[in-house]
Amino acid sequence: MSTSTDNNASITQESGPSAAVQDIQKKIVVRTADGEVFNLKEEVAMEIDIIKTFFQEDSISYETVMPLPNVEGWEMVKVIEYCTKHVELKHKVDGYKERKAFQALFVQNLSTKSLLALTNTANYLEVKYLLDFLCQAVSEQIKNKDVDYVRELFGVENDFNDEEYEQVKAEAPWAHENLNNDLH
Amino acid sequence: MAVCVGTEEKHKTKKEKMEAKVTELSKMSEEMVVPILSRLSPKSLMRFKCVHKSWYNMINNPSFVDKHIMTCKRNNHSTSILCKRFILRDVSTEEKEIVYSLITFYNDNSGDEHITVEDIDIPISMGITTRGQFVGDELQGVLHIDRGHCHGIICLSDPWKIILWNPAIKEFKVLPQSCIPDANFNSVGLGYDPKSKDYKVVSIRQDEIGNEDDRIVIYPPRVEVYTLGTNSWREIRTDILEREVTNFWPEFFQLYFKGICYWMGREQRKEFLTLYAIVAGEDEWVRYVIIFFDTTNEVFDHILLPYSLYEQDAQYSDMHIVVWKETLALFGLYRIGGTDAYGLWVMDNLGSGKVSWTKQVTLEAVVGIKKDLEFWNSDEILMIATDGRIASYNISTKKINYLSIESMYPENTEAVDGGSVGNYTNFSLFSIAIDQP
């Protein structure tokens, strides 16, 4: 994962008339919790509601570096990656397959715990479509897992005693069986 | 949103910062639990009740159940069909058996199609059976599946017993006896009152015939309503079904949709000079209509069919109401003048009092198809072929896709029980509270 401070911001490679237009596209700068600084293209930054609100509500100058103390650098990279793709596909007529392929790659190297952390971040940053996608991705990953796994993932301690646990389990014993064979 | 990071932050130790971050993460995780859980299947959710007491309470909470239903409706990746099939119980004696099965089609967008078949198994303690011996034309104590479903809950009934069944969490509930003496349950429909957030079952008795002033009179049907919350029946007034010279009779329950239960029924003359006159038909006074019941206000009203179906030369069979592209539509085989065709008419202006119909689809009757069952996508119809196989017909591509499930006696499947197959989505978490026998 790239940790460069200039993610998705360089546009100098393109040639043609569009380059001149893009050259003057504004940049928004944010700083994550670990001190990393990111330059975002304005159109990508505006996909992130918390950033959009910050700058637009009080007409804050783009010179200001917006702090994001709840976001890690690697998370910002992923968010920028997703939003940039989203913006790109907005202009495409039939991007369904491409989106699906991108989404599959996007989650490929992320552990479920990382996915969960990213979900929290997407919620904090207020990027609805990313949040929906991540919630779906997490649910896909946990749907056939057992109770212990889920507790560990969410950092939750068991607060049932043995008897209570057996009682609750007995309400639907079939739900604890055939965890790998099911499609559902 | 503050601009300055704050110099206090710098003074905290690295450990403190990390701990703060972890606590924050788990706090935020709680917020994330609901949107993630509401995307899970009922099976996963029933299991995850064991994770933590707060999760147990949350999953049982009616507002979570509601949210879950909404989310599942949006992201639906499977359709279930409840089907009554005939199978060979004993190869040597050729004894046949009726089995109720839940067939689930998993259709994710990659085009992969998995099908699972699950035979319904009602606990013996409930005193009814969904596997029955099929002897000649008779059914031995097997329940009828009332058409349609409500939020994933299915109603099974015979004239003496009604059962609510939630396949997703495998719960059954037997309803109490009717509150009308000598009653039998008939034209049973299950619905949900969105205002009181309660499930209701409507049962419409056979109409009664009486003698008044030397004339034969057909009385409007007696109707009783069951409410899950109070677990009881009560009779409701039906004078609204009576008009000056006619009565409305809701005959065949169709479905529940957005707070309303729909029946296909008749408007018929209520007075006849002789019994013979009723039997002989006197068709000019019988016309078919849609009768619906508002579950909140508990009143009936009616809607006329598309005008073309009332024309002299119009014939049709088994017109039924379906949900098509999120709206109600009428679907069935008809003939006006020439050849047979399937028609789909969409209902417009529902709720405004002036319903109109728009014909959306006309399909030539498909060769090799015995009976149409249900729409299970906006352009796919489930059908039974003449050889008994269940197939899916795609309107757009006009292709028939045979599924490897069958019913041995397609003719009998339709004769024994006109509405024995219901399109249904297997997703409901709603607990109907098992009755301990």
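As shown above, the structure is provided for reference.
Model, not experiment: these values are computed from the prediction.

## As for the overall build of chain B
For step 1, the next point in the chain: From N to C terminus, chain B includes seven helices and 29 strands.
For step 2, the next point in the chain: Within chain B, the proportion of its 437 residues that are buried is 51%.
For step 3, the next point in the chain: A sequence separation of at least 24 residues applies to 52% of the contacts in chain B between residues at least 6 apart.
For step 4, the next point in the chain: For chain B, the accessible area works out to roughly 21,100 Å², and carbon and sulfur atoms hold 50% of it.

## Some remarks on the interface of chain B and chain A
For step 1, the next point in the chain: The interface is formed by 38 residues belonging to chain B together with 50 residues belonging to chain A.
For step 2, the next point in the chain: At the boundary of chain B with chain A, total buried surface from both sides reaches about 4,000 Å², with 66% on carbon and sulfur atoms.
For step 3, the next point in the chain: Connecting chain B to chain A are two salt bridges.
For step 4, the next point in the chain: As a salt-bridge pair, Lys53(B) and Glu164(A) come within 3.4 Å of each other at their nearest N and O atoms.
For step 5, the next point in the chain: Counting residues per element, the ones that place at least two in the side of chain B that touches chain A are α2 (14-37), α3 (42-48), α4 (53-60) and β3 (113-119) of chain B.
For step 6, the next point in the chain: Take the side of chain B that touches chain A: its biggest share by element is 10 residues, from α2(B).
For step 7, the next point in the chain: Per-class residue counts for the side of chain B that touches chain A are 20 nonpolar, nine polar and nine charged.

## A closer look at the pairing of strand β14 (residues 223-227) of chain B
Residue and element names in this part refer to chain B.
For step 1, the next point in the chain: For β14, the tally of buried residues reaches five of five residues, placing the bulk of the element in the interior.
For step 2, the next point in the chain: Side-chain alternation along β14 places Val-223, Val-225 and Thr-227 on one buried face and Glu-224 and Tyr-226 on a second face that is also buried.
For step 3, the next point in the chain: For strand β11 (residues 198-204) and β14, the ladder comprises five bridges, and the chain directions are antiparallel. Its bridge partner lying in β14, Lys-200 is registered against Thr-227.
For step 4, the next point in the chain: Note that β14 and strand β15 (residues 232-236) share five bridges and pair antiparallel.

Quick notes on the rules
- Residue numbering note: each chain is counted from 1, following its sequence as written.
- Lettering of chains starts at A and numbering of ligands starts at 1, both following the order in which they are written.
- Only residues with pLDDT of at least 70 are given local features in this predicted model, and only at 80 or more are side-chain atom pairs given and counted; all residues enter the totals for whole chains, interfaces and linings.
- Side-chain metrics rest on all non-hydrogen atoms present in the structure, leaving aside hydrogens and water.
- Helix numbering and strand numbering both begin at the N terminus, where a helix is a DSSP run of H or I of at least 4 residues and a strand a DSSP run of E of at least 2.
- Residue exposure (1.4 Å probe, protein chains only): buried if accessible area is under 20% of the type maximum, exposed if over 50%, otherwise partly exposed.
- Contacts were defined at the residue level, with two residues in contact if any of their heavy atoms lie within 4.5 Å.
- For the area figures, the Shrake-Rupley method with a 1.4 Å probe applies, and any residue is considered shielded solely by the protein chains shown.
- When two parts are put together, the accessible area they lose, computed with a 1.4 Å probe and summed over both, is reported as buried area.
- For this analysis, a salt bridge means a side-chain nitrogen from Lys or Arg found within 4 Å of a carboxyl oxygen belonging to Asp or Glu.
- Basically, the charged four are Asp, Glu, Lys and Arg, the nonpolar ten are Ala, Val, Leu, Ile, Met, Phe, Trp, Tyr, Cys and Pro, and anything else, Gly included, counts as polar.
- For two strands to be treated as a pair, DSSP must find no fewer than two bridges joining them.

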